[in-house]
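# Understanding the architecture of this molecule
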Amino acid sequence: MKKRTLDNRGFTLLEILVAMAVFGVVVGAVYSAYYTQQRSYEAQTEVSFMNQNLRAAILLMERELRMAGCDPTQGANAGFTTASSNTVAFTMDIRGDSAGSDPDGDTSDSGEAITYALGDPDGDGDTDLTRNNVMIAENIDALDFVYLDEDGNVITNLASNISSIRSIQISLVARTGKADRAYVNTDSYSNQQGTTILAAQNDNFRRRLLTAEIRCRNMGLK
Ligand SMILES: [Ca+2]
Ligand SMILES: [Ca+2]
């Protein structure tokens, strides 16, 4: 015959409460570590996405602005059509009437007239960088252009000196798509001339300023 040796006393209420408390503390610590890591991972993802977004936008603008005023037949009258601190518009003669054909002395073919400005084409209330009213980078808080002449001086009277533009300083301020409650952004952002282009927002978005100077090598060739 087997002898039953089971202890039937079980746990006391106090033991259960202590066990639950210990378990709770452990779970809390694990969750807190996980949460902190998760939040920092999310912040990093947001920042790297923002940086990629910004670099791609600047690259595209650089490439096209270098072509501003491209006019191989010297008959297309290509050049800058708008040059303000937050909008730039320009033309170039880079193709003919059909795809792949040679420049034909006009700037009315596809992709020959470009405007860069801020807008909100997706209508979500956040400003975006647009190219011909199509969004190319989301969540851009500031876009700034400074126009320089052939001596590298800032052109002050652009209305009458728009054809003197030889290079452009572009400054863009992008922000992350999601706010980070653990962070407060008290920075203000300036262009290469030291002019503030975005005052301190004191909000929870991380931002990044990227600035570049582009030589418009097709300007002034005539
Ligand atoms: Ca053309
Ligand atoms: Ca938007």
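Above this text you will find the structure in question.
Let us look at the structure shown here. Predicted model, so just to flag it, every value in this text is computed and none were measured.

Relative to strand 3 (residues 113-119), strand 2 (residues 87-91) runs antiparallel, the two sharing five bridges. Its bridge partner being in strand 3, Thr87 is matched across the sheet by Ala117. Alignment of strand 3 against strand 4 (residues 128-131), held across four bridges, turns out to be antiparallel. Across the sheet, the residue bridging to Ala117 is Thr130, located in strand 4.

A separate point is the coordination of the calcium ion (ligand 1). Taken together, Asp93 (OD), Arg95 (O), Asp104 (OD), Asp106 (O), Asp106 (OD), Asp109 (OD), Glu112 (OE) and Glu112 (OE) make up the full set of protein donors to the calcium ion (ligand 1), lying 2.4 to 2.7 Å away. Spacing between the donor residues of the calcium ion (ligand 1) along the chain follows D-x1-R-x8-D-x1-D-x2-D-x2-E. For Asp104, a relative accessible area of 30% corresponds to the partly exposed category.

Distances from the calcium ion (ligand 2) to its protein donors, namely Asp120 (OD), Asp122 (OD), Asp124 (OD), Asp126 (O), Asp128 (OD) and Asp128 (OD), fall within the range 2.1 to 2.9 Å. Here the calcium ion (ligand 2) is ringed by six donor atoms whose angles at the metal span 48 to 173 degrees, and the overall shape comes out irregular. Donor residues binding the calcium ion (ligand 2) come from one chain and are separated in sequence as D-x1-D-x1-D-x1-D-x1-D. Classification of Asp128 as buried rests on a relative accessible area of 0%.

The next subject is the state of the cysteines. In total, this model carries zero disulfides according to the counting rule given. No disulfide involves Cys70; its sulfur sits 12 Å from that of Cys216, the nearest cysteine. Residue Cys70 is classed as buried on the basis of its relative accessible area of 12%. For Cys216, a relative accessible area of 1% translates into the label buried.

Criteria and cut-off values
- Residues numbered from 1 in each chain as written.
- Chains lettered and ligands numbered in written order.
- Predicted model: local features only at pLDDT ≥ 70, side-chain atom pairs only at ≥ 80, totals over all residues.
- Heavy atoms only, no water.
- Pairing = 2+ DSSP bridges.
- Helix = DSSP H or I, 4+ residues; strand = E, 2+ residues; numbered from the N terminus.
- Donors = N, O, S within 2.8 Å, 3.2 Å for Na, K, Ca; no water.
- Buried < 20%, exposed > 50% of the residue type's maximum accessible area, 1.4 Å probe, protein only.
- Tetrahedral: all angles 85-135°; square planar, octahedral: opposite > 155°, others 65-115°.
- Disulfide = S-S within 2.5 Å.

In short, the description is geometric, and any link to function would need to be established separately.
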